[in-house]
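Letter by letter, the chains look like this.
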Amino acid sequence: QVQLVESGGGLVQPGGSLRLSCAASGSILSIVAMGWYRQGPGKQRELVATITSGHSTEYANSVKGRFTISRDNAMNTVNLQMNNLKPEDTAVYYCNIRAYTARGKWDDYWGQGTQVTVSS
């Protein structure tokens, strides 16, 4: 079993900042990639940012220059620092990992989601 626990969502005014955190635990042997996705009202889930075990990063164009993803390989945690937040960033944010577990295969795992609301 793999568990992902997210924290850090909430309500913030436009231009404000939030930091999301996700901790992975369970029968994890290796994590090749960690990331954040989001799903806004009436929209499909989309990639926000990902980071590999070698710390290579990828960002959605809409968040480049405002969001920063980081990870701690030893602690199996991934963070998303979100600055200069805009109303269009309002969404449920989901943590995702691609991990090799004691089941002997690679799988994708998802957190339960954390709400981020940007509004004045």
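Reading the values: rules and limits
Residues numbered from 1 in each chain as written. Predicted model: local features only at pLDDT ≥ 70, side-chain atom pairs only at ≥ 80, totals over all residues. Heavy atoms only, no water. Helix = DSSP H or I, 4+ residues; strand = E, 2+ residues; numbered from the N terminus. Rg over C-alpha atoms; globule rule 2.2 N^0.38 Å. Buried < 20%, exposed > 50% of the residue type's maximum accessible area, 1.4 Å probe, protein only. Areas by Shrake-Rupley, 256 points an atom, 1.4 Å probe, with all protein chains shown as cover. Disulfide = S-S within 2.5 Å. Core = buried A, V, L, I, M, F, W, Y, C linked by side-chain atoms within 4.5 Å. Pairing = 2+ DSSP bridges.

**A closer look at the overall build of the chain**
Move 1: For the chain, the helix and strand inventory stands at zero helices and eleven strands.
Move 2: Across the chain, helices and strands are ordered from the amino to the carboxyl terminus as β-β-β-β-β-β-β-β-β-β-β.
Move 3: Scaling as 2.2 N^0.38, a compact globule of 120 residues should have a C-alpha radius of gyration of about 14 Å, and the chain matches this with 14 Å.
Move 4: Projected onto its principal axes, the C-alpha positions of the chain cover 45 × 25 × 20 Å.
Move 5: For the chain, buried positions account for 42% of its 120 residues.
Move 6: A total of about 6200 Å² of accessible surface is found on the chain, and carbon and sulfur atoms cover 47% of it.

**Here's the deal with the state of the cysteines**
Move 1: Under the counting rule described, the total for this entry stands at one disulfide.
Move 2: Paired by a disulfide, C22 and C95 hold their sulfur atoms 2.1 Å apart. Residues C22 and C95 share a disulfide whose torsion about the S-S bond is about -80°; that sign makes it left-handed. Here the residue C22 occupies a position in strand β3 (residues 18–26), and C95 occupies one in strand β9 (residues 91–101), the gap between them amounting to 73 residues. Comparing C22 with C95 shows no difference in burial state: the two are buried.

**Focus: the nonpolar core**
Move 1: In terms of nonpolar packing, the biggest core is built from 31 residues, with W36, L80, M82, Y93 and I97 touching the most fellow members.
Move 2: Residue assignment for this core shows that the elements contributing at least two residues are β1 (2–7), β3, β4 (28–39), β5 (46–52), β7 (67–72), β8 (77–82), β9 and β11 (114–118).

**Some remarks on the pairing of β5**
Move 1: With six bridges connecting them, β4 and β5 associate as antiparallel partners. Residue W36 lies in a different strand from β5, and its bridge partner there is A49.
Move 2: Turn length for the β4-β5 hairpin, with the two strands adjacent in sequence and antiparallel, is six residues, and the turn residue G42 shows positive phi of about 70°.
Move 3: Strand direction decides the pairing type here: β5 and strand β6 (residues 57–59), joined by three bridges, are antiparallel. Considered in β6, the bridge of I51 is made with T57.

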